[in-house]
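Here is how the chains run, residue by residue.
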Amino acid sequence: RDRTFLSQDMVLFLADDHFGEFFQPGSGTLRALRVDGESAKLMGFAPNNIDLSLSWNGDLWGSAHFSMYVTKSLAAYMSRYAMVQTDRMHLAILAALLEKQVQLLPNAYFKSEAVYRHSLQQRFPRLRFVEDPDNLDPVGDDTSVLDGHLAKQPVTSSTTGLPSAVRSLLARAAGKVFARGQP
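What counts and what doesn't
- Residues numbered from 1 in each chain as written.
- Predicted model: local features only at pLDDT ≥ 70, side-chain atom pairs only at ≥ 80, totals over all residues.
- Heavy atoms only, no water.
- Helix = DSSP H or I, 4+ residues; strand = E, 2+ residues; numbered from the N terminus.
- Buried < 20%, exposed > 50% of the residue type's maximum accessible area, 1.4 Å probe, protein only.
- Contact = heavy atoms within 4.5 Å.
- Areas by Shrake-Rupley, 256 points an atom, 1.4 Å probe, with all protein chains shown as cover.
- Salt bridge = Lys/Arg side-chain N within 4 Å of Asp/Glu carboxyl O.
- Axes fitted to C-alpha atoms, helices over the stretch in contact; angles between N-to-C directions.
- Left-handed = near helix turned anticlockwise from the far one by under 90°.
- Nonpolar A, V, L, I, M, F, W, Y, C, P; charged D, E, K, R; others polar.
- Polar contact = N/O pair within 3.5 Å; in protein donor to acceptor, adjacent residues only side chain to side chain.
- pLDDT = per-residue confidence, 0-100.
- Pairing = 2+ DSSP bridges.

1. Observations regarding the overall build of the chain
Inference 1: When helices and strands are tallied, the chain shows four helices and four strands.
Inference 2: Traced from its N-terminal end to its C-terminal end, the chain shows the element sequence β-α-β-α-β-α-β-α.
Inference 3: Per-residue burial for the chain yields a buried fraction of 43% across its 183 residues.
Inference 4: Excluding contacts between residues fewer than 6 apart, the proportion of contacts in the chain whose partners are at least 24 apart in sequence is 64%.
Inference 5: With an accessible surface of roughly 10000 Å², the chain has 53% of that area assigned to carbon and sulfur atoms.

Structure below.
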């Protein structure tokens, strides 16, 4: 007889201190909302938003080394903020593992809320699900897109809009991965 079991998302098998090297209080709010087809479009396209995950879409995730460097670059970048507002579940989990205040918004279907209720709500007391964007904590002038690097520029989905430190880390990661012959 076939059996189906419900488990946690794989990232939740990491130890709570897995990203401990990046723990810091941070300041300001990072707003990292989807701009792709899975967006619930609850907030439109805010000028102070960047969809960080779109910068790394594609089949590059097949390389464990590259994935590790990208994830660490995200952790290093996100660690500078005190709060993260996102509708991307894995960004919310990473922010929670970094001990940030996290406000997770719904996406276009039930995944984020379902994972929140099943796995995140009890484990991460600083992460809360916010169904209505009117209930988000207000953000002040310290809310920025990449520390103001894009404040007057359109947000793009390529790595060209990322801060030079993040682009540099990615370039080094790509060089190490591809120098080893990893796809």
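Next comes the rest of the description.
2. Topic: the pattern of salt bridges
Inference 1: Scanning the model with the defined rule gives seven salt bridges in all.
Inference 2: The closest approach of N and O atoms between Arg-34 and Asp-36, which form a salt bridge, is 2.9 Å.
Inference 3: Exposure remark for Arg-34: the relative accessible area of 7% places this residue in the buried category.
Inference 4: One salt bridge connects Asp-137 with Arg-128, and the closest N-O pair in it is separated by 3.0 Å.
Inference 5: With a relative accessible area of 32%, Arg-128 lands in the partly exposed category.

3. Digging into the packing of helix α1 (residues 64-78) against helix α2 (residues 89-97)
Inference 1: Here α1 crosses α2 at 65 degrees, and the two axes come no closer than 10 Å. In this structure, the crossing between α1 and α2 has a hand that is right-handed. Taking contact as the criterion, the partners of Thr-71, Leu-74, Ala-75 and Met-78 in α1 are, on α2, Leu-91, Leu-94 and Ala-95.
Inference 2: By residue class, the composition of the contact of α1 with α2 is six nonpolar, one polar and no charged.

4. Digging into the side chain of Lys-100
Inference 1: Mapping Lys-100 onto the fold places it in the loop between α2 and β3 (101-104).
Inference 2: Here the side chain of Lys-100 touches Ser-79 through a polar contact of 2.8 Å, landing on its backbone oxygen.
Inference 3: A distance of 2.9 Å separates the side chain of Lys-100 from the backbone oxygen of Tyr-81, its partner in a polar contact.
Inference 4: Once you skip the residues sitting within four places of it in the chain, Lys-100 turns out to touch Gln-24, Pro-25, Gly-26, Met-78, Ser-79, Tyr-81, Ala-82, Ala-95 and Arg-126.

5. Quick look at the confidence of the model for the chain
Inference 1: Here the chain averages 78 in pLDDT, while 70% of its residues score no lower than 70.
Inference 2: Below a pLDDT of 50 lies the segment residues 142-162, which in the model reaches 45 contacts outside its immediate sequence neighbourhood of four places, other chains included.
Inference 3: When the criterion is pLDDT under 50, residues 176-183 qualifies, and its contacts beyond four places in sequence or with other chains add up to twelve contacts.

6. Structural notes on the sheet that holds β3
Inference 1: Taken in spatial order, the four strands of this open sheet run β1-β2-β3-β4, and their pairing is parallel. Each having just a single partner strand, β1 (29-32) and β4 (127-129) make up the two edges of the open sheet. Averaged over all pairs of adjacent strands, the angle between their axes in this sheet comes to 15 degrees, without regard to strand direction.
Inference 2: Summarising the sheet, β1 and strand β2 (residues 83-86) pair through four bridges and their orientation is parallel.

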